[in-house]
Amino acid sequence: MSIDSERLGPLLHLRPGSAPRVVIISASYGAGHNSASREISRVLEEAGCDVEILDFVDLMPWRLGRGLKLGYKMQLQVSPDSWGTTMSMVMPGGPLHRLFAQLLRLSTRPIIEATRGADLVVSTHPFCSQVIGELRTTGQLTTPAVTYLTDAAVPALWIHPGIDLNLALHEVAAREARLLGGNASVVQALVPAGAEYVPGRAFPDPLSDLQLTGPRALVTGGSLGAGALEQTARDILTHSDMTPVVLCATDRFLKRRLERIPGVVALGWRTDVRALMATSDCVVQNAGGFTSLEALASGTPVITYRSISGHGAANSANLDRAGLIPWARDEIELAKHLVVAAESPRFNRLALGFPDLVQILTGSLEETAVA
């Protein structure tokens, strides 16, 4: 049990015959924040809550949210290495932070209207947390507000002192949130129901028609197929006997380039990622987002390689520091980690033993022992 949770007391009250209203505000800049929102909604609905999920993109006036979304997608696909510089400029203390904060606060009125009458507000994206935290500070929002930190690293833009509690996936992230001035507790990471590894459960091979032989490495850059996935595939071919199976997501140009490389399997948007993970010998990822959590839960060994700058590199460092996902910083380290992965047993690799979401929000932590 964390000191922060004990001090705050219950943020959500579950009573027989009542259905507390919870508003979750996500942001569809990549799929991970929406995926986390859906899992939070599922858990809270099972506990008896009436849950609504909103997209920050749609709460911005004049289609500004969609403009930011398009710019984010284009930058990660065209120049992913520049993302770290962009983030540093809009962080607190950065030269563009004040202007960026004013831009985000254009969503103030729609958020006030959307959360009216709610018993709890949950944010799963830093943009939302900045606006909601400001509303809590100024008294325009009197409903308790929680941030669910979807990543292992916590940049300053995630934390606002007006947020009542930040829920972190590991103590490494919770510590960073506290250093930034936020209340933080560690929560058991949420992944889709059925994503956890079950000994003896087998998945049909989704690539059986390709008649692949030998071990496979599933390469992912999240829902946008971002990062140096082509070079990652080439490095796997050069330094191992694994077949790189690359999830190109929505990037059809990446898929076309990879299809021209002998020995590489290039896949477009897939809905069977769980089976692809289960039938691969390892997952190679570069951002540390929601897909990496699913991979950890699936039992398949996970490796970080060629991290995206900014949040990707920060996540990679924290996942490595937490002992969850090793970070291969060059081709030699990649080769070593691929050998280890091919020989590793299957088990749920998520950090386990932490209180679940409902326990923390309702304060029912007395019998929970944190590992």
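Residues numbered from 1 in each chain as written. Predicted model: local features only at pLDDT ≥ 70, side-chain atom pairs only at ≥ 80, totals over all residues. Heavy atoms only, no water.

Caption draft 1: Up close: a nonpolar patch on the surface. A surface patch of nonpolar side chains, amounting to about 330 Å² of accessible area, comprises Leu70, Met74 and Val78. Considering the arrangement of structural elements, one finds Val78 in helix α4 (residues 64-78). The exposed category is assigned to Val78, whose relative accessible area is 69%. (Patch = residues over 30% accessible without salt bridge, like charges linked within 9 Å, V, L, I, M, F, W, Y side chains within 5 Å. Areas by Shrake-Rupley, 256 points an atom, 1.4 Å probe, with all protein chains shown as cover. Salt bridge = Lys/Arg side-chain N within 4 Å of Asp/Glu carboxyl O. Helix = DSSP H or I, 4+ residues; strand = E, 2+ residues; numbered from the N terminus. Buried < 20%, exposed > 50% of the residue type's maximum accessible area, 1.4 Å probe, protein only.)

Caption draft 2: Region of the structure containing the side chain of His160. Examined against the element boundaries, His160 turns out to sit in the loop between β4 (145-148) and β5 (165-168). At 3.1 Å, the side chain of His160 and the side chain of Glu134 are in polar contact. At 2.9 Å, the side chain of His160 and the backbone nitrogen of Gly162 are in polar contact. Setting aside residues no more than four positions away along its own chain, His160 makes contact with Ser129, Gln130, Gly133, Glu134 and Thr137. (Polar contact = N/O pair within 3.5 Å; in protein donor to acceptor, adjacent residues only side chain to side chain. Contact = heavy atoms within 4.5 Å.)

Caption draft 3: Seen up close, the packing of aromatic side chains. Here the structure, examined in full by the defined rule, presents three aromatic pairs. Centre to centre, the rings of Phe100 and Phe127 are 5.2 Å apart; their planes meet at 70°, and the pair counts as edge-to-face. Of the two residues, Phe100 is situated in helix α6 (residues 97-104) and Phe127 in helix α8 (residues 126-138); the sequence distance between them amounts to 27 residues. Comparing Phe100 with Phe127 shows no difference in burial state: the two are buried. By way of ring pairs, the aromatic residues Tyr29, Phe56, Phe100 and Phe127 are connected into one cluster. (Phe/Tyr/Trp six-rings, centres within 6.5 Å; stacked < 30°, edge-to-face > 60°.)

Caption draft 4: Main features of empty space enclosed by the protein. A full pass over the atoms with the stated rule returns one cavity of 30 Å³ or more. Size it by volume and the largest cavity reaches roughly 90 Å³. Lining the largest cavity are Asp151, Ala152, Leu169, His170, Ala173, Ala189, Leu293, Leu319, Leu324, Leu350 and Ala351. In the lining of the largest cavity, the residues fall into nine nonpolar, one polar and one charged. (1 Å grid on protein atoms, 1.4 Å probe; cavity = no way out; pocket = protein on both sides within 12 Å on 5 of 7 lines; lining within 4 Å. Points joined across faces, edges and corners; volume = space filled by probe spheres on them. Nonpolar A, V, L, I, M, F, W, Y, C, P; charged D, E, K, R; others polar.)

Caption draft 5: Just helix α2 (residues 32-46), in detail. Under the 1.5 Å per step criterion, the end-to-end length of α2 is 21 Å for 15 residues, consistent within 8% with the ideal 21 Å. Turning to α2, its buried residues number three or more, namely His33, Ser35, Ala36, Ser37, Glu39, Ile40, Ser41, Val43 and Leu44. In the segment just after α2, Gly48 is the residue with positive phi, at about 105°. (Expected span 1.5 Å × (residues − 1).)

Caption draft 6: Quick look at the environment of Gln140. Structurally, Gln140 is set in the loop between α8 and β4. With a relative accessible area of 46%, Gln140 lands in the partly exposed category. Between the C-alpha atom of Gln140 and that of Arg109, which follows or precedes it by 31 residues, the distance is 9.9 Å. Setting aside its immediate chain neighbours within four residues, Gln140 contacts Thr108, Ile112 and Leu135.

Caption draft 7: Structural context of the sheet that holds strand β6 (residues 184-186). Across the sheet, which stays open at both edges, the six strands sit in the order β2-β1-β3-β4-β5-β6 with parallel pairing between neighbours. Edge positions in the sheet fall to β2 (50-55) and β6, since each of these pairs with one other strand and no more. The average angle at which neighbouring strand axes cross in this sheet is 25°, direction not considered. Examined bridge by bridge, β5 and β6 share three bridges and lie parallel to one another. Note that in β6 the partner of Leu167 across the bridge is Ser185. Taken strand by strand, α2 contacts β1 (21-26), β2, β3 (120-123) and β4, and its axis lies near 170° from that of β1. (Pairing = 2+ DSSP bridges. Axes fitted to C-alpha atoms, helices over the stretch in contact; angles between N-to-C directions.)

Caption draft 8: Seen up close, the sheet that holds strand β9 (residues 265-267). Judged by pairing direction, the sheet is parallel, and its six strands sit side by side in the order β9-β8-β7-β10-β11-β12 without closing on themselves. One side of each edge strand has no neighbouring strand; the edge strands of this open sheet are β9 and β12 (327-328). Examined bridge by bridge, strand β7 (residues 216-220) and strand β8 (residues 243-247) share five bridges and lie parallel to one another. The residue bridging Ala217 from the neighbouring strand is Pro244, located in β8.

Caption draft 9: Inspection of the state of the cysteines at higher detail. One pass over the full model with this rule turns up zero disulfides. Free cysteine Cys128: the closest other cysteine sulfur is in Cys49, separated by 19 Å. Residue Cys128 is classed as buried on the basis of its relative accessible area, which comes to 0%. (Disulfide = S-S within 2.5 Å.)

Caption draft 10: Local environment of the pairing of strand β11 (residues 302-305). Side chains Val302 and Thr304 of β11 all project onto a buried face; the interleaved residues Ile303 and Tyr305 project onto the opposite face, where all are buried too. Taken together, the three bridges between strand β10 (residues 282-285) and β11 define a ladder with parallel strand orientation. Paired with Val284 across the bridge in β11 is Ile303. Chirality of the crossover, the property in question, places the unit of β10, helix α13 (residues 290-298) and β11 among those that are right-handed. (Right-handed = clockwise from strand over helix to strand, strands pointing away.)

Caption draft 11: Geometry of the confidence of the model for the protein chain. For the protein chain, per-residue confidence averages 89 on the pLDDT scale, and 95% of positions sit at 70 or higher. Summarising per-element confidence for the protein chain, the mean pLDDT is lowest in helix α1 (residues 3-8) (54) and highest in β3 (98). Note that residues 366-371 has pLDDT below 50 and, in this model, 12 contacts with residues that lie over four places away or in other chains. (pLDDT = per-residue confidence, 0-100.)

Caption draft 12: The environment of His170, seen in detail. Mapped onto the elements of the fold, His170 is located in the loop between β5 and α9 (171-179). Under the relative-accessibility criterion, His170 is labelled buried at 18%. Considered as a pair, His170 and Ser185 are 15 residues apart in the sequence and their alpha carbons are 8.7 Å apart. Ignoring sequence-local partners within four residues, the contact set of His170 consists of Val186, Ala322, Leu324 and Ala351.

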